[in-house]
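Residue-level structure breakdown
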Amino acid sequence: GAVVFAVYFQTMYPTVPGGDSGELIVAGCTAGIAHPPGYPTYTMLAILFYNLIPFGSPAWRVNLVSVFLSTACAVLHFRAVFLWERSLSSTGTEIPRIPDPGTNSGTYVDGKSSEELAGKEVQRGGKEGRGAYWC
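Quick look at the structure, then. (Residues numbered from 1 in each chain as written. Predicted model: local features only at pLDDT ≥ 70, side-chain atom pairs only at ≥ 80, totals over all residues. Heavy atoms only, no water.)

1. Comments concerning unusual backbone geometry
As a reminder, the rule being used: By definition, any uninterrupted DSSP run of H or I lasting at least four residues is a helix, any uninterrupted run of E lasting at least two residues is a strand, and each is numbered from the N terminus.
Omega for the bond connecting proline 36 with proline 37 falls within 30 degrees of zero, at 10°, which places this linkage in the cis form. The topology assignment puts proline 37 in the loop between helix 2 (21-30) and helix 3 (40-52). In the Ramachandran plot, alanine 31 falls in the positive-phi region, its phi being about 55° despite a non-glycine side chain. Here alanine 31 shows up in the loop between helix 2 and helix 3. In the Ramachandran plot, tyrosine 39 falls in the positive-phi region, its phi being about 50° despite a non-glycine side chain. Topologically, tyrosine 39 is positioned in the loop between helix 2 and helix 3.

2. Quick word on the packing of aromatic side chains
Where two aromatic rings form a pair, the distance of their centres and the angle of their planes describe that pair. What counts here: Note on aromatic pairs: the rings of Phe, Tyr and Trp (six-membered ring only in Trp) are paired at centre separations within 6.5 Å, and the planes decide the class, stacked below 30 degrees, edge-to-face beyond 60, tilted for the rest. Each residue gets one of three labels from its accessible area relative to the maximum for its type: buried under 20%, exposed over 50%, partly exposed in between, using a 1.4 Å probe on protein chains only.
Counted under the stated rule, the structure contains six aromatic pairs. The interplanar angle of 50° and the centroid separation of 5.1 Å between the aromatic rings of phenylalanine 5 and phenylalanine 68 together place this pair among those described as tilted. Residue phenylalanine 5 is located in helix 1 (residues 2-10), and its partner phenylalanine 68 is located in helix 4 (residues 58-90); the two are separated by 63 residues in the primary sequence. Using a relative accessible area of 38% as the deciding quantity, one classes phenylalanine 68 as partly exposed.

As structure tokens, then:
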């Protein structure tokens, strides 16, 4: 999580970016309401960050909300994939793999290819080694 936070923090926009960001920054600084739907959770967090962080411009403080939320999303996503993969390996289930697109082959589940799983005859087409499948 610390590496993700560091990357997001270093690349955070220091002032007002384009789009709706200016409106959301103003809503966070004035405890106002942005245009519908209003983004109430984001606005409340922006108000909190604006009032609790005593340094930096108002835009910087509100943009920091996005850094924290993006970091939290990345950490939660990593954790979910980690737990899913661990649960599959503990039950002995092979983790589905994506085939190498250059070879037109790959192992998916229990050592069976997509053709075997589908139970259909497959034709190859296109250029050498980069053909498409038709079922």
